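Breakdown of the fold
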Amino acid sequence: MAVPGRKPKPPLQVVREGNPGKRPVREGVKLPPAELVEPDWAVFFPASRVPPKPRAPRGADDEQLKVYRHEVQVWQRLKVAAEAADFGRGVASREWSSVVPVLQRMSGLTSVDRSTAVDYCVCVARLEWCERQLSIEGLVTMGQRGPCRNPLTTIASQYRTQLKTYIGELGLSPSARGRLTPPEGNDDDEDSVFD
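Residues numbered from 1 in each chain as written. Predicted model: local features only at pLDDT ≥ 70, side-chain atom pairs only at ≥ 80, totals over all residues. Heavy atoms only, no water.

**What about the nonpolar core?**
- Counting residues in hydrophobic clusters, the biggest one holds 27 residues, and the most contacted among them are W41, F45, W96, L109 and Y120.
- Those residues in contact with Y120 that sit more than four places away from it in its chain are E95, V99, L163, Y166, L170 and L172. (Core = buried A, V, L, I, M, F, W, Y, C linked by side-chain atoms within 4.5 Å. Buried < 20%, exposed > 50% of the residue type's maximum accessible area, 1.4 Å probe, protein only. Contact = heavy atoms within 4.5 Å.)

Now the structure itself:
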């Protein structure tokens with residue numbers, strides 16, 4: 001459930017900027033660090049086997065050609081879906097290995113935040129696929145009534161909006177990093193549960 005009003009500032013930012021209202025500064029919840037294990041990306045981007053392309057019937061009538069065209073369309077969708085899954089697995093894995101270790105160190109990302117990190121990586125992979133396909137297909141496609149905007153532009157826009165949310169939540173932009181409180185860690189304190 002959403003809470004009305006502004007987003008609360010992290011305690012470190014309140015101390016840095018001053019507290020004119022003299023409200024009590026609450027410390028954030030502290031979680032022990034945990035190893036985040038990279039998910040099996042095949043769950044999110046399942047590999048599928050593409051059947052051979054249908055062969056055109058020779059000497060076919062109109063009805064057989066209509067069935068053939070439908071089979072080709074289904075085959076094309078399966079082929080594009082398989083390519084997208086292969087591409088998505090690679091991009092999501094690359095994003096996980098480059099971002100998650102930094103987030104663990106910088107913002108104290110723990111195992112309870114795993115689903116947010118996974119969603120972020122999936123979102124990046126799908127957005128990159130949309131942008132790649134837009135570069136191949138173009139921004140304008142032919143519709144039933146003539147030239148129209150490629151539907152991938154709408155999908156890319158929705159993923160970009162979602163990505164913006166993840167960037168804010170995970171602190172992946174300079175302004176978002178300013179709102180995060182880094183985990184307190186004293187490297188020479190051996191008996192801390194957070195080491």
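**A closer look at the side chain of E95**
- You can see E95 is positioned in helix 3 (residues 62-107).
- Buried charged residue E95 carries no salt bridge. Nearest counter-charge: R94, at 4.4 Å.
- Excluding anything up to four places from it in sequence, E95 contacts V100, Y120, C121 and V124. (Helix = DSSP H or I, 4+ residues; strand = E, 2+ residues; numbered from the N terminus. Lys, Arg positive; Asp, Glu negative; His and termini not counted. Salt bridge = Lys/Arg side-chain N within 4 Å of Asp/Glu carboxyl O.)

**Re the packing of helix 4 (residues 114-137) against helix 5 (residues 151-170)**
- At their nearest, the axes of helix 4 and helix 5 sit 9 Å apart, and the two run at 150° to each other. Considering their axes alone, helix 4 and helix 5 lie roughly antiparallel with respect to each other. Crossing of helix 4 against helix 5: the hand is left-handed. On helix 5, the residues touching T116, D119, Y120, C123, V124, R126, L127, C130, E131, Q133, L134 and E137 of helix 4 are L152, T153, I155, A156, Y159, R160, Q162, L163, Y166 and L170. (Axes fitted to C-alpha atoms, helices over the stretch in contact; angles between N-to-C directions. Parallel < 35°, antiparallel > 145°, perpendicular 65-115°, else oblique. Left-handed = near helix turned anticlockwise from the far one by under 90°.)

**Remarks on the layout of surface pockets**
- Computed from the structure, the second largest pocket encloses a volume of approximately 310 Å³.
- V80, A84, W129, C130 and L152 are the residues nearest the centre of the second largest pocket, which is lined by 15 residues in total.
- Contributing elements (two or more residues each) for the lining of the second largest pocket: helix 3, helix 4 and helix 5.
- Counting residues per element, the lining of the second largest pocket draws most heavily on helix 4, which supplies 6 residues.
- The residue inventory of the lining of the second largest pocket, partitioned by class, reads 10 nonpolar, 3 polar and 2 charged. (1 Å grid on protein atoms, 1.4 Å probe; cavity = no way out; pocket = protein on both sides within 12 Å on 5 of 7 lines; lining within 4 Å. Points joined across faces, edges and corners; volume = space filled by probe spheres on them. Nonpolar A, V, L, I, M, F, W, Y, C, P; charged D, E, K, R; others polar.)

**Regarding the pattern of salt bridges**
- Using the criterion set out here, one finds 4 salt bridges in the structure.
- A salt bridge links R94 to E128; the nearest nitrogen and oxygen atoms lie 2.9 Å apart. Separated by 34 residues along the polypeptide, R94 in helix 3 and E128 in helix 4 bring together distant segments of the chain.
- By relative accessible area, which is 43% here, R94 ends up partly exposed.

**Section: the confidence of the model for the chain**
- Summarising the model, the chain shows a mean pLDDT of 82, and 78% of its residues fall at 70 or more.
- Mean pLDDT values over the elements of the chain span from 62, in helix 1 (residues 11-17), up to 94, in helix 4. (pLDDT = per-residue confidence, 0-100.)

**Some words on the side chain of N150**
- With respect to the element layout, N150 can be found in the loop between strand 2 (146-149) and helix 5.
- Owing to a relative accessible area of 2%, N150 belongs among the buried residues under this scheme.
- Here E137 takes part through its side chain, which lies 3.2 Å from a polar atom of the side chain of N150.
- N150 has contacts with L134, E137, G138, L139, V140 and T141, leaving out every residue within four places of it along the chain. (Polar contact = N/O pair within 3.5 Å; in protein donor to acceptor, adjacent residues only side chain to side chain.)

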